[in-house]
Amino acid sequence: MKVVLLENIHPLAAEAFRRAGFEVDARPGSLSEHELSDVLQGVSLLGIRSNTTITRNVLEAGKDLLAVGCFCIGTNQVDLGDAAERGVAVFNAPFSNTRSVVELVLAEILALARRLPEKTQRMHDGVWDKSAKGSHEIRGRTLGIVGYGNIGTQLSNVAEAVGLRVIFYDTADRLAHGNARRVATLEDLLAQADVVSLHVDGRPGNAGLFGADQFALMKPRSIFINASRGMVVDDAALRANILSGHLAGAAIDVFPIEPKAQGDPFESPLRGLDNVILTPHVGGSTEEAQLDIGDFVTGKLLGYLQNGTTALSVNFPEVLLPHLEGVTRLLLLHRNQPGAMAHVNSALADNGLNVEQQQLSTSGAMGYAVTDVRGPLTQAVVDQLRAMPEIVRVDVLPG
Ligand SMILES: NC(=O)c1ccc[n+]([C@@H]2O[C@H](COP(=O)([O-])OP(=O)(O)OC[C@H]3O[C@@H](n4cnc5c(N)ncnc54)[C@H](O)[C@@H]3O)[C@@H](O)[C@H]2O)c1
């Protein structure tokens, strides 16, 4: 089997695929739709990052594709629905850079509380300005986390370890970690927090979540951090609050409009402000995160090809069936309609095959069943299953 890895995916992925017996074609850049269509002939697995777009046309051309690995967090670049309908499973690495974001935010809280951006700039300008004014310890201060998901909860734990009191606000029910305390409304959080850090997801309703009204409710001389999504914050309102001195500082890693390519100019109303840290969307960009992403997504792709496991797939129903000795495993992707599995199971029984274990999961229009059978599985039986109108794809993993 052949795997194509694009966009400088961590070399450990290529090594793992070679060890598993794959022929590996690893390339540094992304490919256009047209180039991909040529390259994908005879390719079973494709690894991409965020700059390769997998359209309907690419999937149409990649007739042999079994799975796509997004070696990143986002999966917007893939037509997930079309991939599922064609029986192409898609995986990503949703948690691999969580810790990296948390460490950046912690560094920013400490740096802003001590006004380091300003102090280091003065020194580079040749000015010795030794003063304690406006510099604070963070011990005993209150951190307000908005969005208590993967990143928010991990920040909560790390922040408590350095002496911050943590409160959080989330629209969903979330278990409080450590001594963190949930507050009922965003307004409650803003009234109490010395540092407000946003970690909400990118659902459309979060556009413009934080503007002039929310900044006005923050405590005087508090600190604001956004490493979630650019569209969540009104940067012009943030600028006004820094200039007025209502906020003591801010750190922003994500922007409503971000430059597309390395070296492109960066425009923002936040440029040139004192005690404001601006970073080019690097919250999750560390060598450790890249390594973890390489390892995680490779594991998911191999788990799918070797065992049919779809746990954490972003477009397939999730199935994880334990390995059983001496059976043949059938991976059955089918339309989620009444009787689909009854037809499959009766065809297996009619052909003298005993179902030893089976796990079915459905999601929207698709169903996925991993079925271990004992008995003589002939090509004729596989062809019979493939000919069923409700079956999208059948793959066979020999015992
Ligand atoms: N800066 C970076 O490089 C970087 C890296 C990774 C992730 N991110 C971003 O960080 C954010 C958080 O990531 P995550 O993995 O923790 O996501 P997550 O889905 O695990 O958590 C998001 C949380 O926000 C909550 N939420 C959503 N809308 C809310 C609202 N309006 N008010 C309060 N709570 C709300 C959700 O209920 C959920 O608990 C995402 O937007 C992600 O894209 C940025």
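Everything below is about the structure shown above.
Residues numbered from 1 in each chain as written. Predicted model: local features only at pLDDT ≥ 70, side-chain atom pairs only at ≥ 80, totals over all residues. Heavy atoms only, no water.

**Some thoughts on the site of the ligand**
Under the convention used in this document: Whether a residue is near a molecule or strand is decided by its heavy atoms; if any one of them lies within 4 Å of it, the residue is near. Between N or O atoms, a polar contact is any pair within 3.5 Å; within protein, one atom must be a potential hydrogen donor and the other a potential acceptor, and residues adjacent in sequence are included only when both atoms are from side chains. Per-residue accessibility takes into account occlusion by the displayed protein chains alone, with areas from the Shrake-Rupley method and a 1.4 Å probe.
Close to the ligand lie 26 residues, the nearest being Ile-151, Asp-170, Val-200, Asn-206 and Arg-229. One of the side-chain nitrogen or oxygen atoms of Arg-174 is found 2.8 Å away from an oxygen atom of the ligand. Note that an oxygen atom of the ligand is positioned 3.4 Å from one of the backbone N or O atoms of Gly-283. Taken by itself the ligand offers 870 Å² of open surface, and the protein chains cover 87% of this.

**Things to note about the packing of helix H1 (residues 11–19) against helix H11 (residues 287–307)**
For any two helices packed against each other, one specifies the crossing angle of their axes together with the interaxial distance. Note the threshold: Note on geometry: axes are C-alpha line fits, over the in-contact stretch for helices, and angles between N-to-C directions span 0 to 180 degrees. Secondary structure is summarised from DSSP: a helix means a run of H or I of at least four residues, a strand means a run of E of at least two, and numbering begins at the N terminus for each. Any angle that is under 35 degrees is reported as roughly parallel, and any over 145 degrees as roughly antiparallel; angles of 65 to 115 degrees are reported as roughly perpendicular and all others as oblique. Note on convention: the crossing is left-handed when the near helix lies turned anticlockwise from the far helix by less than a right angle, right-handed when the turn is clockwise. Contacts are assigned to residue pairs that have any heavy atoms within 4.5 Å of one another. Amino acids are sorted into nonpolar (Ala, Val, Leu, Ile, Met, Phe, Trp, Tyr, Cys and Pro), charged (Asp, Glu, Lys and Arg) and polar (every other residue, Gly among them).
H11 packs onto H1 with a crossing angle of 30° between their chain directions and a minimal axis gap of 8 Å. Between H1 and H11, the interaxial angle falls into the category roughly parallel. The two elements H1 and H11 meet at a crossing, and its hand is right-handed. Where H1 abuts H11, its residues Leu-12, Ala-13, Ala-16 and Phe-17 lie against Leu-291, Gly-294, Asp-295, Thr-298, Leu-301 and Leu-302. Within the contact of H1 with H11, the residues separate by chemical class into seven nonpolar, two polar and one charged.

**Regarding the sheet that holds strand S16 (residues 391–397)**
What counts is decided by this rule: When DSSP finds two or more bridges between a pair of strands, those strands are recorded as paired.
Taken together, four strands build an open sheet; the order of strands is S14-S15-S13-S16 and the sheet is antiparallel. Where the open sheet ends on each side, the last strands, each with one partner, are strand S14 (354–363) and S16. Adjacent strand axes in the sheet meet at a mean angle of 15°, parallel and antiparallel pairs treated alike. Direction of pairing for strand S13 (residues 328–335) relative to strand S15 (residues 366–374): antiparallel, over a ladder of eight bridges. Residue pairing for S15: Arg-329 is matched across the bridge by Asp-372. Together, S13, S14, S15 and S16 form the strand contacts of helix H12 (residues 340–350), whose direction differs from that of S13 by roughly 150°. Across the sheet, helix H13 (residues 379–386) touches S13 and S16, and the angle it forms with S16 is around 155°.

**Focus: the side chain of Ser-268**
Residue position: Ser-268 is located in the loop between strand S11 (247–252) and strand S12 (276–278). At 3.0 Å, the side chain of Ser-268 and the backbone nitrogen of Leu-270 are in polar contact.

**Digging into the sheet that holds strand S9 (residues 195–198)**
With respect to topology, seven strands assemble into an open sheet ordered S8-S7-S6-S9-S10-S11-S12, the strand pairing being parallel. Two strands bound the open sheet, and with one partner strand each, they are strand S8 (181–182) and S12. By the bridge criterion, four bridges tie strand S6 (residues 142–146) to S9 in an arrangement that is parallel. Paired with Gly-144 across the two strands is Val-196, which belongs to S9. Contacting strand S10 (222–226), S11 and S12, helix H10 (residues 235–243) crosses the sheet at an angle of about 145° to S11.

**Notes on the side chain of Asn-92**
The test is simple: Here's how the labels work: a residue is buried when its accessible area is under 20% of the maximum for its type, exposed when over 50%, partly exposed in between, all with a 1.4 Å probe on protein chains only.
Mapped onto the elements, Asn-92 comes out in the loop between strand S5 (89–91) and helix H5 (98–113). The buried category is assigned to Asn-92, whose relative accessible area is 7%. At 2.6 Å, the side chain of Asn-92 forms a polar contact with the backbone oxygen of Ile-73. For Asn-92, the residues in contact, after removing those within four places along its chain, are Cys-70, Cys-72, Ile-73, Thr-75, Phe-296, Val-297, Leu-312 and Val-314.

**Details of the nonpolar core**
Heads up, the rule is: By nonpolar core we mean a set of buried residues, namely Ala, Val, Leu, Ile, Met, Phe, Trp, Tyr and Cys, connected to one another through side-chain atoms within 4.5 Å.
Judged by nonpolar contacts, the single largest core of 31 residues is most densely connected at Leu-5 and Phe-17. Mapped onto this core, the elements with two or more residues apiece are strand S1 (2–5), H1, S5, H11, S13 and S15. A per-element tally of this core places H11 first, with six residues. Sequence-distant contacts of Leu-5, defined by excluding residues within four places in its chain, comprise Ala-13, Ala-14, Phe-17, Val-24, Asp-25, Ala-26, Arg-27, Gly-47 and Phe-71.

**Structural notes on the packing of aromatic side chains**
Here is the rule: Each Phe, Tyr or Trp ring, with Trp reduced to its six-membered ring, pairs with another whose centre is within 6.5 Å; inter-plane angles below 30 degrees give stacked pairs, above 60 give edge-to-face pairs, and intermediate values give tilted ones.
Tallying each qualifying case throughout the model produces ten aromatic pairs. Both rings, one in Phe-210 and one in Phe-224, keep their centres 4.9 Å apart while their planes meet at 35°; by these two values the pair is tilted. Taken together, the positions of Phe-210 in the loop between S9 and helix H9 (212–217) and Phe-224 in strand S10 put the pair 14 residues apart, joining distant regions of the chain. Like Phe-224, Phe-210 is buried. Centre to centre, the rings of Tyr-304 and Phe-316 are 6.0 Å apart; their planes meet at 85°, and the pair counts as edge-to-face. Of this pair, Tyr-304 sits in helix H11 while Phe-316 sits in the loop between H11 and S13, and the two are twelve residues apart along the sequence. Accessibility assignment for this pair places Tyr-304 and Phe-316 in one class, buried. An aromatic cluster of at least three residues, connected via ring pairs, comprises Phe-91, Tyr-304, Phe-316 and Tyr-368.

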